[in-house]
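Structural description and commentary
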Amino acid sequence: MLATVVTKTFLDRWKGVAIGTVALALVFFLGMAVYRDIDLAVYTDLPEALRALINIPADADVGALAYGAIYSSYGALTLASLALSMGSASIAGEERKGTMGLLLGNPKSRTHILASKAVNIVLLSALGAVILWFAGIVVPDILNVDVTGIEVGALVFHMFVVAVFYGFLAMAIGAWTGKTSLASGATVGVMVISFFAVGLLPLVDSLKSGVKAFPWYYYSGSDPHLNGFDWGHLSVLIVGIGLLAAAAVVGVNRRDLRGQTTRVSLVDRLRGYPMTERIVDRLAGSTRVSRVWVKTASENQGILIVVAYVMFLMMGLLIGPMYTFIDETLVKLTDSFPEELLAMFGGGDMSTPEGFYQIETFGLMVPIAFMVVTVTIGARALAGEEANRTMGLLLANPIKRSTVVLQKTLAMIIQAAIVAVALFAGVVGGSMLGRLGMNPLNIAAATLLGTLIGLVFGALALALSAATGRTRVAIYGAVGAALGLYVANGFLPFSEGLDGLAKLSPFHYYLSSDPLLNGMNWGHGAVLLGLFIGLVVAAVMLFDRRDLRQTG
Amino acid sequence: MTEQIAIHTEGLTKHYGNFPALVDLNLAVQVGEIFGFLGPNGAGKTTMIRTILDEIRPTSGRASILGMDTHSQSVEIRDHIGYVPGDLAMYPNLTGKDTLTYFANLRGGVDWDFVGSLAERLDADLTKKVGDLSSGNRQKVGLIQAFMNKPDVLIMDEPSSGLDPLVQREFQTMMREVASDGRTVFLSSHTLSEVQRVADRVGVIRHGQLIAVEGVADLRSKAIRTVNLFFDETVDGAALENLPGVREVKVDNHHVTLSFDGQMETLLKVVTQRYSLLDITTHEANLEEIFLTYYEDAGA
C-alpha cells in the first residue's frame with residue numbers, strides 16, 4: 001500500500017546517502033592509515049582532561065583513536081544530517097514543491113503519506129548505517145590494524161538511532177509547520193548545539209550534569225565504541241522517536257496544507273504598513289533588484305543570519321568568558337601537549353586564550369561557517385538559476401555570461417564579509433568580556449584568512465556549478481574536496497615523508513602560521529587569494545562555453 | 001537585404017548526444033511580420049529558440065538576428081529582443097513589480113507609463129509575489145517583461161498558456177500592434193487557432209525538421225474543404241478514400257466527414273450513384289485541419 005511512495009522516495013534519496021557515507025568511510029580509511037603509521041605515544045602521554053575532550057581513552061590504540069576521534073563524531077553528524085534533510089523534505093518539502101496536493105489526490109490519507117516518509121527515513125538511515133558498519137569492519141582489516149575491543153556494531157547502531165531521532169524531529173517540525181527551512185534549520189540548530197554542549201559542558205564542573213538535557217548525550221555519552229550497547233540511553237532516544245512520530249501524525253492532520261506559496265517575511269509585512277511602506281519598499285523592492293549582485297547577496301538570508309549569529313555569539317562572544325571558567329588543570333597542562341596533535345585541530349596552545357580560540361573557534365568552526373555561506377551561494381548562483389529555469393530569462397537581457405558569474409562572485413564576497421564582521425566582532429568582544437587581551441589586529445588576520453579559505457571553496461563550488469549546471473555536484477564536490485583536504489592537512493604532517501604534501505592543501509595556508517599569535521601572513525593570504533581568483537576565472541570560462549541546462 | 005530579415009538560420013543543427021533535436025533548419029523571418037512557429041510537443045521549437053538566444057550552441061550551422069550573429073554578438077542582440085520562455089519560471093519571492101524592475105535595471109531603464117498600460121491591458125497584478133500568482137497571472141508578468149522595452153524582435157515560446165480567452169484576445173491585439181509598428185514577432189505554438197488569428201506566415205516543424213513555410217493566406221487558399229455527408233444507411237468509407245482529392249475519411253455510421261480539395265462534381269457523382277444522400281454541409285478547413293493534413297503527408 002505504501003510501497004510506491006516509499007520506493008520513489010528511496011530511489012530519489014539513496015544516492016545522497018551512499019555518497020555521504022562512502023565519503024566518510026574514505027576519511028576513516030585515511031585517518032586510520034595515518035594513525036597506524038605514527039607513534040601513538042603522543043596520544044597516550046596526553047593529560048586525562050584533554051583526552052576526554054577529544055574522545056580518546058587512556059589506553060588508546062589505533063582502533064580506539066580512529067573510531068573515537070573520527071568515526072563516532074563525523075559519522076553520526078553525517079548520518080544525522082542526511083536523516084534530517086530527509087525529515088524536513090518529507091512533508092514540508094512536498095508542500096513547497098506543490099506536489100503534496102497531487103499525492104493526496106490519490107486515495108491515501110495524510111497519515112499514510114507521513115508513515116511512508118517515516119519508513120524511508122528509517123530505511124535510508126539503515127542503509128547509511130550498514131555502509132558505515134561495513135567500512136568499520138573492512139577498513140581495519142585492509143590496513144591490518146588490530147581493533148579488538150572496539151564495538152563497531154554497537155557504535156553504528158547508536159549512530160543509526162540518533163540519526164533517526166533527528167530525522168523524525170525535522171519531520172515533526174515540518175509536519176506541524178509545513179516549512180522546510182524551519183524544519184531543517186531548527187533541527188540542525190538542536191543537533192549542533194547538543195553536539196558542542198556534550199563536548200564542552202563536561203569541562204566545566206558546575207555544568208557537567210547539564211549534558212543530560214541534550215539528545216547527543218544519549219548517543220555518545222556511553223562511548224558505545226568501547227562499551228557496547230547502552231540500552232538505557234538508546235531507549236531514551238527510541239522513546240523520543242516514538243513521541244516525535246506521534247507529534248508528526250497529529251501535526252500533519254490538524255492543519256491546512258500549504259499550497260506552493262512563498263514565505264511572508266517580516267520585510268513583506270513592513271512593506272504593507274503605510275508608515276514603513278516607503279522606506280522598506282525602497283530597500284526590499286527597488287534596491288534589492290537594482291543589480292544582479294545585490295539581488296544575489298540578498299538571497300539565502302536565513303542561512304547568513306544563522307551563521308553570522310552563531311559565529312558572533314556562540315563561537316565568538318561566549319568563548320572568551322568560557323576560557324576563564326575552564327578547569328584550571330587543563331590550562332596548566334601546556335607543556336605536555338604535543339604540537340603535532342594540536343595541529344590537527346588547527347594548532348593552538350590551550351594555555352593561552354589565542355590557542356583556546358584557535359582550537360574552539362578557528363580550527364574547525366570558522367571554515368565550516370564560511371563554507372556554509374560561500375558554498376551555498378556558489379552552488380546556487382548559476383546551477384540554482386538553471387534548476388529554477390530563470391537563467392534563460394536572465395540571459396535574455398543584454399548582459400554577458402561572464403558578468404553574471406562575476407556579479408554572483410561579488411555577492412559571495414559580500415556575504416562572506418558579513419560573516420567575517422560578525423566573527424571579528426564576536427571574538428574581539430569575547431576577548432574583552434573575558435579580559436583576555438588578545439590583539440585585535442591578529443584577530444582580524446585570522447578572520448581574513450578564514451574568509452579567504454571560505455571563498456576558495458565557495459569559488460570551487462561556483463566553478464563546479466559553472467561547469468555542470470548541477471547544484472548537487474557543486475555542493476558535494478566542494479564539501480568533499482574541503483573535507484578531504486582538511487583531513488589531509490591535519491594528518492599528513494604526522495607522517496614522515498608525506499609531511500610536505502600538506503602544503504598542497506589550502507588549509508595549510510589558513511592556520512599554519514598561527515595568525516592569532518603572529519598576525520597576518522601575507523604570503524599565505526596571497527596563496528589563498530590566488531586560488532580564489534584562479535577558480536573564479538575558471539568559472540567564467542567554463543560557464544561561457546557550455547549549453548545552459550533545461551530542467552523541469 | 002539582411003536588414004529586412006529579423007531572424008535568419010542557415011543549416012542550424014543541434015544534437016543532444018545522438019539525438020537530433022534540430023536538423024538543418026533554414027529559415028528567414030522578415031522584419032515586421034508575425035511568424036508562427038508550429039509543431040507538436042517535442043518537435044524542436046524550444047531547441048530552436050534556445051539556440052538563437054545563445055542559451056545553447058548549435059552543433060552546426062549558424063543563425064543571426066537583425067543581421068547579428070547569435071553567438072558572437074549575443075549581448076548586442078539582447079538589447080533588441082523581448083523573450084518569453086516556454087514553461088515560464090520567475091523568482092517566486094519577488095513581486096511582479098520587483099521582477100520587472102530587476103529586468104528593467106538590467107536593460108538600463110524602461111518607460112514605466114508604458115509598463116502600467118501593459119499591466120492594465122492584461123489585467124495583471126504587480127503587487128503580489130510571483131510565487132503566489134496563478135500560472136496565468138504569472139504568465140502576464142512574463143509577457144509584460146517581454147513587451148516593456150518595445151523590442152525590435154519579440155521571441156515567445158508558447159506564450160498564451162494559462163491565459164483566459166479575454167486576455168488572449170488582448171495579447172493578440174498587442175502582437176498585431178507590434179507588427180504594425182514595423183517590429184517582428186516570432187511566436188511558437190502548438191495551438192493553430194491562435195496562430196491562424198495573428199500570424200502572417202507559419203513554419204511547421206516536426207522531428208526537428210522544418211516541413212513547410214507558408215503564408216497563412218496561401219495555406220487557406222489551398223482550398224481544402226471539410227465536407228460532411230449524411231446518408232440513410234451505413235457507408236463503406238474505403239470506397240471514398242480512393243477518390244481524387246479526398247483525404248482523412250472518417251465514418252460514423254450514416255455520417256462521413258472528409259477533407260477534400262478536388263472537384264465537387266466528381267465527389268457528388270460517385271456518392272449519389274452508390275448511396276442515397278440525405279444532406280451535405282461543407283466549409284473551408286481551418287489551419288488545424290490543413291496542418292493535420294500536412295502531418296499525414298510528412299508522416300514519420
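Residues numbered from 1 in each chain as written. Chains lettered and ligands numbered in written order. Predicted model: local features only at pLDDT ≥ 70, side-chain atom pairs only at ≥ 80, totals over all residues. Heavy atoms only, no water.

**A look at the overall build of chain B**
Spelled out, the test is: For the purposes of this entry, the term helix denotes a DSSP run of H or I that reaches at least four residues, the term strand denotes a run of E that reaches at least two, and both are numbered from the N terminus. Summary of the burial criterion: residues with accessible area below 20% of their type's maximum are buried, those above 50% are exposed, and those between are partly exposed, where the area comes from a 1.4 Å probe applied to protein chains only. Contact criterion: two residues are considered in contact whenever any of their non-hydrogen atoms come within 4.5 Å of each other. All accessible areas in this document rest on Shrake-Rupley with a 1.4 Å probe, and a residue is counted as covered only by the protein chains that are shown. Charge convention: Lys and Arg are scored as positive, Asp and Glu as negative, and His as well as the terminal groups of each chain are ignored. All charge positions are set by atom: Lys at NZ, Arg at CZ, Asp at CG, Glu at CD.
When helices and strands are tallied, chain B shows 11 helices and 14 strands. Referenced to the eigenvectors of the C-alpha coordinate spread, the extents of chain B come out at roughly 75 × 40 × 35 Å. Looking at chain B as a whole, 51% of its 300 residues qualify as buried. Of the contacts made within chain B by residues no fewer than 6 positions apart, 68% connect residues no fewer than 24 positions apart. For chain B, the accessible area works out to roughly 13000 Å², and carbon and sulfur atoms hold 47% of it. Seen as two clouds, the 27 positive and the 42 negative side-chain charges of chain B have centres 3 Å apart.

**Details of the sheet that holds strand E6 (residues 81-84) of chain B**
Residue and element names in this part refer to chain B. What counts is decided by this rule: Strand pairing is assigned whenever DSSP identifies at least 2 bridges connecting the two strands. Interaxial angles span 0 to 180 degrees and are taken between N-to-C directions of axes, which are lines fitted to C-alpha atoms, for helices over the stretch in contact.
Strand order across the open sheet formed by 6 strands is E6-E7-E8-E3-E9-E10, with mixed pairing between neighbours. In this open sheet, the two edge strands, each paired with only one partner strand, are E6 and strand E10 (209-215). Adjacent strand axes in the sheet meet at a mean angle of 15 degrees, parallel and antiparallel pairs treated alike. Against the sheet, helix H5 (residues 135-147) contacts E6 and strand E7 (153-157), and its axis sits at roughly 170 degrees relative to E6.

**Regarding the pattern of salt bridges**
Residues and elements named next belong to chain A. The condition is simple: What makes a salt bridge here is a side-chain nitrogen of Lys or Arg within 4 Å of a carboxyl oxygen of Asp or Glu, nothing more.
Summed over the entire model, instances satisfying the criterion amount to 17 salt bridges over all chains. Across the salt bridge formed by Arg-255 and Glu-95, the nearest N and O atoms sit 2.7 Å from each other. With Arg-255 in the loop between helix H11 (231-254) and helix H12 (266-272) and Glu-95 in helix H4 (residues 62-97), this pair connects stretches of sequence that are 160 residues apart. The exposure classification of Arg-255 matches that of Glu-95, with both residues buried. Notably, a salt bridge pairs Arg-546 with Glu-386, separated by 2.6 Å at the nearest N-O pair. Linking Arg-546 in the segment after helix H27 (522-545) with Glu-386 in helix H20 (residues 365-387), this pair joins segments that are 160 residues apart in sequence. Overall, the relative accessible area of 9% leaves Arg-546 in the buried class.

**A short note on a nonpolar patch on the surface**
Residues and elements named next belong to chain A. Quick reminder of the rule: Residues enter patches when they are more than 30% accessible in relative terms and free of salt bridges; like-charged ones are connected within 9 Å and nonpolar ones (Val, Leu, Ile, Met, Phe, Trp, Tyr) within 5 Å.
Together, Ile-19, Ile-475, Tyr-476 and Val-479 line one region of the surface with nonpolar side chains, adding up to about 320 Å² of accessible area. Ranked by residues supplied to the nonpolar patch, first place goes to helix H24 (residues 471-491) with 3 residues. Looking at the element boundaries, Tyr-476 is found in helix H24.

**A short note on the sheet that holds strand E1 (residues 5-16) of chain B**
Residues and elements named next belong to chain B. Ordered in space as E2-E1-E4-E5, the 4 strands form an open sheet in which the pairing is antiparallel. The sheet is open, and its two borders are formed by strand E2 (19-30) and strand E5 (68-69), each paired with just one other strand. Both strand E4 (residues 60-65) and E5 contribute to a ladder of 2 bridges, which runs antiparallel. Paired with Ile-65 across the bridge in E5 is Met-68. Helix-sheet contacts for helix H1 (residues 45-52) involve E1, E2 and E4, and the interaxial angle to E1 is about 115 degrees.

**Here we look at the interface of chain B and chain A**
Cut-off, in case you're wondering: Defined here as a combined quantity, buried area equals the accessible surface (1.4 Å probe) lost by two parts on assembly, summed across both. Counting of polar contacts relies on pairs of N or O atoms within 3.5 Å, with two restrictions inside protein: one atom must be capable of donating a hydrogen and the other of accepting it, and residues adjacent in sequence are counted only when both atoms are side-chain atoms. Side-chain classes are defined by residue name, with Ala, Val, Leu, Ile, Met, Phe, Trp, Tyr, Cys and Pro counting as nonpolar, Asp, Glu, Lys and Arg as charged, and the others, Gly among them, as polar.
At the junction of the two partners, chain B supplies 33 residues and chain A supplies 36 residues. Both sides of the chain B and chain A interface together cover about 3000 Å² of buried area, and 51% of this is carbon and sulfur. Sorting the residues of chain B by area buried against chain A places Arg-78, Tyr-102 and Leu-106 of chain B first, and these three jointly supply 20% of that buried surface. Summed over the shared surface of chain B and chain A, the number is 2 salt bridges. Note that Arg-389 of chain A is salt-bridged to Asp-87 of chain B, the shortest N-O span being 3.4 Å. The interface formed by chain B and chain A includes 16 residue pairs in polar contact (both at pLDDT 80 or more). Taken together, the elements giving at least two residues each to the side of chain B that touches chain A come down to H1, helix H2 (74-78), E6 and helix H3 (96-106) of chain B. Looking at the side of chain B that touches chain A, the element that brings in the most residues is H3 of chain B, giving 6 residues. A breakdown of the residues in the side of chain B that touches chain A according to their chemical character gives 14 nonpolar, 7 polar and 12 charged.

**Examining the packing of aromatic side chains**
Two aromatic rings, taken as a pair, are described by how far apart their centres are and by the angle between their planes. Where we set the bar: Aromatic rings from Phe, Tyr and Trp, taking only the six-membered ring of Trp, are treated as a pair when their centres fall within 6.5 Å; an angle between ring planes under 30 degrees marks them as stacked, one over 60 as edge-to-face, and anything in between as tilted.
One pass over the full model with this rule turns up 21 aromatic pairs over all chains. When the centroid spacing of 6.2 Å and the interplanar angle of 40 degrees are considered together, the rings of Tyr-166 of chain A and Trp-216 of chain A count as tilted. Of this pair, Tyr-166 of chain A sits in helix H7 (residues 152-177) while Trp-216 of chain A sits in the loop between helix H8 (180-200) and helix H9 (217-220); the two residues are 50 residues apart in sequence, bridging distant segments of the chain. A relative accessible area of 2% places Trp-216 of chain A in the buried class. Their ring planes at 35 degrees and their centres at 6.5 Å tell us that Tyr-91 of chain B and Phe-103 of chain B sit as a pair that is tilted.

**Section: the confidence of the model for chain B**
Quick note on the threshold: Confidence scores per residue from the predictor, reported as pLDDT, run from 0 to 100.
Of all residues in chain B, 92% have pLDDT values of 70 or greater, and the mean over the chain is 88. Predicted as a complex, the structure gets a pTM of 0.74 and an ipTM equal to 0.76.

**Observations regarding the environment of Gly-93 of chain A**
Residue and element names in this part refer to chain A. In this structure, Gly-93 sits in helix H4. The buried category is assigned to Gly-93, whose relative accessible area is 5%. When the C-alpha positions of Gly-93 and Ala-183 are compared, they lie 9.8 Å apart, and in sequence the two are 90 residues distant. Setting aside residues no more than four positions away along its own chain, Gly-93 makes contact with Ser-88 and Thr-180.

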